[in-house]
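Analysis of the macromolecular model
One-letter residues, chain by chain:
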Amino acid sequence: MTLEQYRIKHSQIIECFQWIEFNLKRIYAKLSGKSLLKTISVLDKENLGSLIVLVKQTELQNNTCYLSDEDYELLDQIREMRNYWCHQCYLDVLFRKDEKKNLVVRNQDFANKLTLELYKVEELHYKFQDVYFNIRK
């Protein structure tokens, strides 16, 4: 994986994290009966972990179950992944020059981790988007 490919995949995974967070805000807005704009302004400074707790508490208060226990476990994994890819990954990745003098990721396991987690997070982004659309009905 070249430096450019790494940066593209890294950007894609961050985009998915942002969409998941936005979908959780939309889910919370619908469950709480508040407007989306008000919810976004109120939750603007909240971290992903706090947002997950708010959604779960609101579901319990409303006696609804749009997200399963497994979904909440996945969201917690996403929170950990997000923290890693936002705050740590560039400190861990090592690059070397290949035969064409391009910078490439030195550790293939690291490149594979990014690729696999990107696929997982993309799937979850669409899953939580679908949850929002189901609540909206």
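Here the structure is a predicted model, which means the values were calculated and not measured. (Residues numbered from 1 in each chain as written. Predicted model: local features only at pLDDT ≥ 70, side-chain atom pairs only at ≥ 80, totals over all residues. Heavy atoms only, no water.)

**Let's talk about helix α1 (residues 3–32)**
The condition is simple: Secondary structure elements are defined from DSSP: runs of H or I of at least 4 residues count as helices, runs of E of at least 2 residues count as strands, and each element is numbered from the N terminus. Given the number of residues in a helix, its expected span is that number minus one, multiplied by 1.5 Å.
With 30 residues, α1 should cover 44 Å at 1.5 Å per step; its first-to-last C-alpha distance of 43 Å lies within 8% of that length. Positive phi shows up at Gly 33, right after α1, with a value of about 75 degrees.

**As for the state of the cysteines**
The line we're drawing: By disulfide we mean two sulfur atoms from cysteines, separated by a distance within 2.5 Å.
Scanning the entire structure with this criterion turns up zero disulfides. Unpaired in terms of disulfides, Cys 16 finds its nearest cysteine sulfur in Cys 86, a separation of 12 Å.

**Some details on the environment of Phe 95**
Our working definition: Three labels apply to residues, based on accessible area from a 1.4 Å probe with only protein chains included: buried if under 20% of the type maximum, exposed if over 50%, partly exposed otherwise in between. Contacts were defined at the residue level, with two residues in contact if any of their heavy atoms lie within 4.5 Å.
Summarising the element assignment, Phe 95 is placed in strand β1 (residues 95–97). According to the relative accessible area criterion, Phe 95 is partly exposed, its value standing at 21%. Between the alpha carbons of Phe 95 and Cys 16 there is a distance of 25 Å; along the sequence they are 79 residues apart. With residues up to four places along the chain from it excluded, the contact list for Phe 95 reads Leu 3, Tyr 6, Leu 103, Val 104, Val 105 and Arg 106.

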